[in-house]
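Each chain, written out:
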Amino acid sequence: MSRLAKKPVELPKGVEVTLAGDLVTVKGPKGSISITLSKGVKVELTKETLAVVGTDELTHHPFLGLDISRLKNALEGVSTGFKKTLELVGVGYKAAVKGSDLDLSLGFSHPCILAIPKSLKVEVEKNTRIHVSGVDKVEVGQFSATIRSKRPPEPYKGKGVKYEGEYIKRKAGKKAK
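A. Representation of the overall build of the chain in the model. Regarding its fold elements, the chain presents three helices and 13 strands. For the chain, whose C-alpha radius of gyration is 21 Å, the value lies well above the compact-globule estimate of 16 Å for 177 residues. With respect to the principal axes defined by its C-alpha atoms, the chain has extents near 60 × 45 × 25 Å. By residue count, 34% of the 177 residues in the chain fall in the buried class. In the chain, 52% of the contacts between residues at least 6 apart in sequence involve partners at least 24 apart.

B. Examining the sheet that holds strand β13 (residues 160–163) more closely. The sheet built from four strands is open, its strands ordered β11-β12-β7-β13 with antiparallel pairing. Of all the strands in the sheet, the pair left with one neighbour each is β11 (120–125) and β13. Across the sheet, the mean angle from the axis of one strand to that of its neighbour is 25°, orientation sign disregarded. For strand β7 (residues 82–89) and strand β12 (residues 129–134), the ladder comprises six bridges, and the chain directions are antiparallel. Looking at the pairing, K84 lines up with V132 of β12. Running over the sheet, helix α3 (residues 137–149) touches β7, β11, β12 and β13 and is turned about 5° from β7.

C. Representation of the pairing of strand β9 (residues 101–105) within the structure. Examined bridge by bridge, strand β8 (residues 94–98) and β9 share five bridges and lie antiparallel to one another. Across the sheet, A95 pairs through a bridge with L104, a residue of β9. Taken together, β8 and the strand that follows it, β9, pair antiparallel across an intervening segment of two residues, in which G99 is found at a positive phi of about 70°. In this sheet, strand β10 (residues 112–115) lies alongside β9 in antiparallel orientation, the contact comprising four bridges. The residue bridging D103 from the neighbouring strand is I113, located in β10. Linking β9 to β10, which pair antiparallel, is a turn of six residues; within it G107 sits at a positive phi near 90°.

D. Highlighting the sheet that holds strand β4 (residues 32–36). Spatially, β2-β3-β4 is the arrangement adopted by the three strands of the open sheet, whose pairing is antiparallel. Lying at the two open borders of the sheet, with one neighbouring strand each, are β2 (16–20) and β4. Strand after strand, the sheet turns through a mean of 15° between neighbouring axes, direction not considered. Direction of pairing for β2 relative to strand β3 (residues 23–27): antiparallel, over a ladder of five bridges. Looking at β3, one finds that A20 is bridged to L23.

E. Representation of α3 in the model. Along its 13 residues, α3 runs 18 Å from first to last C-alpha, staying within 8% of the 18 Å computed at 1.5 Å per residue. By the burial criterion, the buried members of α3 are V140, G141, F143, S144 and I147. When α3 is viewed along its axis, its buried side chains cluster within an angular range of 165° and face the same direction. Seen from the open side of α3, the exposed residues pointing more than 90 degrees away from its buried face are V138 and Q142. The secondary structure elements touched by the buried residues of α3 are β7, β9, β10, β11, β12 and β13.

About the criteria used
- Residues numbered from 1 in each chain as written.
- Predicted model: local features only at pLDDT ≥ 70, side-chain atom pairs only at ≥ 80, totals over all residues.
- Heavy atoms only, no water.
- Helix = DSSP H or I, 4+ residues; strand = E, 2+ residues; numbered from the N terminus.
- Rg over C-alpha atoms; globule rule 2.2 N^0.38 Å.
- Buried < 20%, exposed > 50% of the residue type's maximum accessible area, 1.4 Å probe, protein only.
- Contact = heavy atoms within 4.5 Å.
- Pairing = 2+ DSSP bridges.
- Axes fitted to C-alpha atoms, helices over the stretch in contact; angles between N-to-C directions.
- Expected span 1.5 Å × (residues − 1).
- Arc of directions from axis to C-beta.

See below:
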């Protein structure tokens, strides 16, 4: 059995969990998330805790840790939310939110325009910092990775899109001997 699945998860205040077969719906002050559990995995709900239980078959054991992690992320997402910050490094690199699109100028001959998912909130600060926030950890991470993939940081000058606090290992270049 998974180490994560052995311990029950405490429900945060203001969070409501409903079970309907394999579908678990988590509602909180920030929003709601629905999670479909893997086959053979069941959830036991009490007033203050949430526990994942599997059958004795070995085929269900790998999914216990996965499902408890997804449930923990859902509980954290609806109570506090998730946020990632990206920084644009480079001369002329800028970002702007135009309606439901994110407009990125990253040194190409054309602007990169990304459609912002409806479940996410994107804010641009000082044209060079992008804040992506939302309830679902996977969606926040995936959209942030999509933004970063448009111009990943290069190792010589560090120009590109990077996560806040990300360290770019620099190369010396031609001049180093």
